[in-house]
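Structural overview
Listed below, chain by chain, are the residues.
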Amino acid sequence: MDTLTAGYSPVIEEICAYDWATLSPDQLSLVAWAYYYFSIQFRENLEVTLALLPDDPQLQKLKAEECDTANLSPWPGVAAPGEAMNHDEFMARALRLSPINAAARHRVERAGELYLKQVRATDEMSKAMSIASYEGGGLEAIFHAFLRARDWNTPLLHAFRHFLTKHIQFDSNPDAGHGALCAHLVPDDRIRGLWVAFRTLLIEAVPHLTLAA
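Here's what I pulled together on the structure shown here. (Residues numbered from 1 in each chain as written. Predicted model: local features only at pLDDT ≥ 70, side-chain atom pairs only at ≥ 80, totals over all residues. Heavy atoms only, no water.)

Before going further, it helps to examine the packing of helix H2 (residues 25-52) against helix H7 (residues 155-172). Viewed as axis vectors pointing N to C, H2 and H7 meet at an angle of 50°, and their least axial separation amounts to 10 Å. By the angle between their directions, the pair H2 and H7 is classed as oblique. Considering the relative orientation of H2 and H7, their crossing is left-handed. Along the contact surface, H2 presents Pro25, Leu28, Ser29, Val31, Ala32, Trp33 and Tyr35, while H7 presents Leu156, Leu157, Phe160 and Phe163. The class makeup of the residues in the contact of H2 with H7 is 10 nonpolar, one polar and no charged. (Axes fitted to C-alpha atoms, helices over the stretch in contact; angles between N-to-C directions. Helix = DSSP H or I, 4+ residues; strand = E, 2+ residues; numbered from the N terminus. Parallel < 35°, antiparallel > 145°, perpendicular 65-115°, else oblique. Left-handed = near helix turned anticlockwise from the far one by under 90°. Contact = heavy atoms within 4.5 Å. Nonpolar A, V, L, I, M, F, W, Y, C, P; charged D, E, K, R; others polar.)

What follows is the structure in structure tokens.
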């Protein structure tokens, strides 16, 4: 993964600056597939963080709202009313709602597995700090960027949009949102490589992704 030279915020800004608005439904579906792998590492990094700080009540609350929770339920074909699940399980079920091209699926699966291998090799403190950068505005900005896409007219994309909009709600409250629950972790530039890996995953999933004009 990349080094610390320029910090992690410019990587977030670059991802947000891509031309999400012109993605086709097929391309946007591949973004959802890529994000599924991100959601796995998010849960795993959160679990690492709780192992480091098991008595932290704010992190315990964050885990309760990300793991084994019904806060995304119900959703047709994904979650029954009141059904609790990890958020990456919601994404896994959403992906099954609409088929994608087999070659493209193979490409994003291969990229996703490489991404997870890279993240899992990262030191535990960087994994913990990454949670604060994700919840402290990084993901909210990227979700707003994804939502610039114009065509969400498949069951998979309807579910993905639901996931994104709900997470913006979870993260946006400055006092009680998810960002506030982990702000004390204080990320630094050691997490740049994790954001670079996510950017690479998105580009591997949608090779024609470019900066907006």
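Right, let's talk about the pattern of salt bridges for a bit. Going through the model one piece at a time under the given rule, you end up with eight salt bridges. Residues Glu47 and Arg43 are paired through a salt bridge, measuring 3.4 Å at the closest nitrogen-oxygen approach. Here the residue Glu47 and the residue Arg43 both occupy positions in helix H2, the gap between them amounting to four residues, near one helical turn. Among the residues examined, Glu47 registers a relative accessible area of 34% and is labelled partly exposed. Put simply, Glu109 and Arg105 hold a salt bridge, and the shortest N to O gap is 2.9 Å. Note that Glu109 and Arg105 are positioned in helix H5 (residues 102-120) at a spacing of four residues, about one turn of the helix. Using a relative accessible area of 39% as the deciding quantity, one classes Arg105 as partly exposed. Three or more residues are tied together by salt bridges with common partners; here these are Arg43, Glu47 and Asp88. (Salt bridge = Lys/Arg side-chain N within 4 Å of Asp/Glu carboxyl O. Buried < 20%, exposed > 50% of the residue type's maximum accessible area, 1.4 Å probe, protein only.)

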